[in-house]
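Listed below are the residues making up each chain.
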Amino acid sequence: MELLSGGEMIARALEDEGVEYLFGYPGGAVLHIYDALFKTSKVPHVLVRHEQAATHAADGYARATGKPGVVLVTSGPGATNAITGIATAYMDSIPMVVLSGQVASHLIGEDAFQETDMVGISRPIVKHSFMIRRAEDIPATIKKAFHIATSGRPGPVVIDIPKDCTRPDEKFEYHYPDAVKLRSYSPAQRGHTGQIRKAAKLLLGAKRPIIYSGGGVIMGESSELLTALARKLNYPVTNTLMGLGAYPATDRQFLGMLGMHGFYEANMAMHHSDVILAVGARFDDRVTNTVGKFCPGAKIIHIDIDPTSISKTVAADIPIVGPVQSVLQDLMEIIDNLQEKEPQLPDATALGRWWQQIEEWRGKHGLWTGRRYGESDRIMPQQVIESLYRTTKGDAYVTSDVGQHQMFAAQYYKFDKPRRWINSGGLGTMGFGLPAAMGVKLAFPDMEVACVTGEGSIQMNIQELSTCTQYNTPIKIINLRNNYLGMVKQWQDMQYEGRYAMSTYEDSLPDFVKLVEAYGHVGMLVTKLEDLDRCMDEAFAMKDKLVFLDIFIDPMEHVYPMHVAPNGAMKDMWLSKNERT
Amino acid sequence: MRRIISILLENEPGALSRVIGLFSQRGYNIETLNVAPTEDETLSRLTLTTTGDDKTMEQITKQLNKLVDVVKLVDLTEGAHIERDMMLIKVRASGQMRDEIKRTTDIFRGQIVDVGPNTYTIQLTGTGEKLDSFVAAMAEADILEVVRSGVAGIARGEKVLRL
């Protein structure tokens, strides 16, 4: 058996795990590991400019590929800088393994240089964490970490590694385990058949059904199954922000996103439904509006791999714990059997009436109310997303930051495929978009990758423009520039009588074109609507260049629809500045 | 409603903090907490009492089960069970109070485990309620110190919590 040092075992284990990219930043506590990587590893390392970006890049990579993102940071500030990215991955159930350096074992607890209790600090935002105590435990621990991060409901796992466990002069027998068994961890493999049977009956008996699907369908690789089920039954589908792309957005049965900034018809259909099939979604407060008023006439079937997601906020009538894929397969089979016996199900007349009602809602408002096209000669933010959609033929990977631009992108880019829409849904992390796009582009160098952002968010991790230069990731950055923190301003308009408390930059914004040029990229300024499509085309025609489109948009535009809150129901929405349901 | 939750926990560093952290992170209460190793050195047994409505309790047990270090868990209050809390209480014992304290201790089937010229230390075991009653009965005395182990519990009959 081969003898390897702790550092070498880490390098080798990552190879054996099939890791394609390692995102990281060296420092004192991880120098033995970096030296081992330098000497032996075949895993390419991406040197970011800030550890937060390492976690977001690994996260973007994971969302786009379905494989775990891997991060290596040093102790102390390296570890704490990674925290925001770990929390982001945790909230959105993204598989990630974070290796953090730690001061040598004998120094732990002594407030040593660059010491921080990483296991303690990260505890509430990880699926699990490990502290290495003995170097010989490294391979098995790495195996366990990958297993936990990627199975069940995925999530980030931290491995904290004291420096002495990686020293080059102490060698150990290296063996990377093929499988791992943890007595206290066994995610459900199948849903309960009795429950699935009940769900099938309820679903087939529905008169006003709706399928509400979330990120779990994408994480569970079940988009095709979900689409097949919906088409078979001719039931309407709505997706959460995290679930966009799970059902093709250009399909007639798709009602658009639901929730706070959801489509009118999606929220109306949810509110008036009699049966909701919730799949891999978690009834987040940005979806439900006031829980007590949520969909009063609906029976709820809730499929989720994580039992804690079920009946956490909204009580499920038929809870089903299990992987979305196997549960949907079983559900399809049972529905087939039931329909053989009772071919008249579901009730076509009732369903016809339901669709008629939905089409009425769709025709009445759709997403279009409140658009101020033609009212000013400014570029409207929605037009930018439509232009992006047209240029990329709806087939790009789109990452976003957080704010108005994120909602416009979610509303106006019609995602037909899963894993194309990459955004921080749960934590709402500004600064996510650029590093995430970097991770996506490294995974899919031949695909178009666009980062939709705003001048607030982009400045939170703008240093990564330098990483993009070093690793040649020619992404396209679409900056919706309105000179405000747009979503903050929208709330201040709506709830604070237009007092823009600290949500403007005055004259302090950089010349983004010059800035990106300084990093070796291309910048384009777009101020007129007539130039928008042409500039968008030109930007994407520069295949091997990172292009930053600084697009001046109408600063007064709001995102609509918007749930009326507090105390509103799903159906209570602002449709424009002066029109509400 | 008050519940007694008993947990078999991996005897790993940091495992306890995950359980405690979960309660503070999600806004649940812990009223008492008792934790010690078991006959299996890889496991600790943790008993905690908490209060909450059925929905909260369902979330607490599900969230606890989700922790990788939690091997097994039971809500003892769902069935017949025995609960014990142990108290050591030090009281000023001089003059005629000395006899009075001794009598009350006997009534509660407590033991005086340390005797000083002016103090008694009494050991008492029972349900939390019984210990509360004893403290109330000692109202006349000058209580110097009270220490309680927190509730430990076990199911009655054949039911066991083990791997």
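Residues numbered from 1 in each chain as written. Chains lettered and ligands numbered in written order. Predicted model: local features only at pLDDT ≥ 70, side-chain atom pairs only at ≥ 80, totals over all residues. Heavy atoms only, no water.

**Examining the overall build of chain A**
Put simply, the rule is: Counting from the N terminus, the helices are the DSSP runs of H or I reaching at least four residues and the strands are the DSSP runs of E reaching at least two. Between the two quantities, the radius of gyration covers C-alpha atoms and the globule rule is 2.2 Å times the number of residues to the power 0.38. Only protein chains enter the accessibility calculation, which uses a 1.4 Å probe; a residue whose area is less than 20% of its type maximum is buried, one above 50% is exposed, and one in between is partly exposed. Residue contacts follow a heavy-atom distance rule, with two residues in contact if any of their heavy atoms lie within 4.5 Å. For the accessible areas, the method is Shrake-Rupley and the probe is 1.4 Å, while residue cover comes only from the protein chains on display.
Scanning chain A from N- to C-terminus turns up 20 helices and 23 strands. In terms of C-alpha radius of gyration, chain A reaches 25 Å, essentially the compact-globule figure of 25 Å for 581 residues. Considered along the principal axes of its C-alpha atoms, chain A spans approximately 75 × 60 × 40 Å. Looking at chain A as a whole, 60% of its 581 residues are labelled buried. Pairs at least 24 apart in sequence give 76% of the contacts found in chain A among residues at least 6 apart. When the accessible area of chain A is evaluated, it comes to approximately 22100 Å², of which 52% is carbon and sulfur surface.

**Focus on the sheet that holds strand 6 (residues 128-131) of chain A**
All names here are of chain A. To keep things clear, this is the line we draw: Strands are treated as partners if at least two bridges between them are detected by DSSP. Every axis in this analysis is a line fitted to C-alpha atoms, fitted for helices over the stretch in contact. Angles between the N-to-C directions lie between 0 and 180 degrees.
Taken together, six strands build an open sheet; the order of strands is 3-2-4-5-7-6 and the sheet is parallel. Strands with a single pairing partner mark the edges of an open sheet, and in this sheet they are strand 3 (45-47) and strand 6. Pairs of neighbouring strands in the sheet enclose a mean axial angle of 20 degrees, with direction left out of account. Sheet analysis places strand 5 (residues 96-102) next to strand 7 (residues 156-162), joined by seven bridges and oriented parallel. Within strand 7, the position partnered with V97 by the bridge is V157. Against the sheet, helix 6 (residues 138-150) makes contact with strand 4 (69-73), strand 5, strand 6 and strand 7, and its axis sits at roughly 160 degrees relative to strand 7, the strand it touches most.

**Concerning the interface of chain A and chain B**
To be explicit about the condition: Once two parts are joined, some of their accessible surface, as seen by a 1.4 Å probe, is lost; buried area is that loss totalled over both. The term salt bridge refers to a side-chain nitrogen of Lys or Arg lying within 4 Å of a carboxyl oxygen of Asp or Glu. Polar contacts, as used here, are pairs of N or O atoms within 3.5 Å; protein pairs need one atom able to donate a hydrogen and one able to accept it. Residues neighboring in sequence count only if both atoms are side-chain atoms. All amino acids are sorted into three groups, where Ala, Val, Leu, Ile, Met, Phe, Trp, Tyr, Cys and Pro are nonpolar, Asp, Glu, Lys and Arg are charged, and the leftover types, Gly among them, are polar.
Of the residues lining the interface, 19 residues belong to chain A; the matching set on chain B comes to 23 residues. Buried area between chain A and chain B, summed over both chains or domains, comes out near 1700 Å², and the portion from carbon and sulfur atoms is 46%. At the junction of chain A and chain B, the tally comes to two salt bridges. Linking D306(A) and K66(B) is a salt bridge whose minimum nitrogen-to-oxygen distance equals 2.6 Å. At the boundary of chain A and chain B, one finds twelve residue pairs in polar contact (both at pLDDT 80 or more). A per-class count over the side of chain A that touches chain B returns six nonpolar, six polar and seven charged.

**What about the pairing of strand 4 (residues 70-75) of chain B?**
Strand residues, when the strand is regular, have side chains that alternate between the two faces of the sheet. Residue and element names in this part refer to chain B. Of all the six residues making up strand 4, five are buried; the element is thus mostly covered by neighbouring parts of the structure. Relative to strand 4, strand 1 (residues 2-10) runs antiparallel, the two being bridged by five bridges. Within the sheet, the bridge partner assigned to L8 lies in strand 4 and is K72.

**A few points about the packing of helix 7 (residues 193-204) of chain A against helix 12 (residues 324-341) of chain A**
Residues and elements named next belong to chain A. Applied cut-off: Here roughly perpendicular refers to angles of 65 to 115 degrees, roughly parallel to angles under 35, roughly antiparallel to angles over 145, and oblique to all remaining angles. Helix crossings fall into two classes, left-handed where the near helix is turned counterclockwise from the far one by less than a right angle and right-handed where it is turned clockwise.
Relative orientation of the contacting elements helix 7 and helix 12 amounts to 55 degrees, with a least axis distance of 9 Å. Overall, the two elements helix 7 and helix 12 adopt an arrangement that is oblique. Judged by the twist between their axes, the crossing of helix 7 over helix 12 is right-handed. Contacts between helix 7 and helix 12 involve T193, I196, R197, A199, A200, K201, L203 and L204 on the former and, on the latter, V327, D330, L331, I334, I335, L338 and Q339. Its residues placed into classes, the contact of helix 7 with helix 12 shows ten nonpolar, two polar and three charged.

**Some points on helix 4 (residues 77-91) of chain A**
Residues and elements named next belong to chain A. The cut-off we apply is this: What a helix is expected to span follows from its residue count: subtract one and scale by 1.5 Å. Consider a residue and the seven residues that end there alongside the seven that start there; fitting an axis to each set, the bend is the angle between those axes.
Given a rise of 1.5 Å per residue, 15 residues ought to cover 21 Å, and the 22 Å separating the end C-alpha atoms of helix 4 matches this to within 8%. Within helix 4, the axis deviates most sharply at I83, by approximately 35 degrees. Residues of helix 4 that are buried: G78, A79, A82, I83, G85, I86, A87, T88 and A89. For helix 4, the elements touching its buried residues are helix 3 (51-65), strand 4, strand 5, helix 5 (118-122) and strand 7. Immediately beyond the C-terminal end of helix 4, within one or two residues, lies S93, with a positive phi of roughly 55 degrees.

**What about the packing of aromatic side chains?**
Residues and elements named next belong to chain A. The cut-off we apply is this: Only centres within 6.5 Å qualify two rings of Phe, Tyr or Trp (six-membered ring in Trp) as a pair; their planes then separate them into stacked at under 30 degrees, edge-to-face at over 60, and tilted for everything else. Charges are assigned to positions over rings by a cutoff of 6 Å between ring centre and Lys NZ or Arg CZ, combined with an angular limit of 35 degrees from the ring normal.
A complete count under the given rule lists 14 aromatic pairs over all chains for this structure. Taken together, the aromatic side chains of Y389, Y413, F415 and W421 make up a single cluster linked through ring pairs. The ring centre of W355 lies 4.7 Å from the NZ or CZ of R252, which sits over that ring. Above the ring of W574, the side-chain terminus of R580 is found at 5.5 Å from the ring centroid.

**Quick word on the pattern of salt bridges**
Residue and element names in this part refer to chain A. In the structure shown here, the tally under the stated rule is 43 salt bridges over all chains. Among the ionic pairs, D251 bridges to R231, the shortest N-O distance being 2.7 Å. Here R231 lies in helix 9 (residues 223-233) and D251 lies in the loop between strand 10 (237-239) and strand 11 (254-257), a separation of 20 residues in the sequence. Using a relative accessible area of 42% as the deciding quantity, one classes R231 as partly exposed. Here K417 and D395 are joined by a salt bridge, their closest N and O atoms 3.0 Å apart. Pair noted here: K417 is in the loop between helix 15 (404-412) and strand 16 (421-422) and D395 is in the loop between helix 14 (381-391) and strand 15 (397-400), with a separation of 22 residues, a long-range link. Residue class for D395 comes out partly exposed when judged on its relative accessible area of 30%. Three or more residues are tied together by salt bridges with common partners; here these are D59, R63 and D92.

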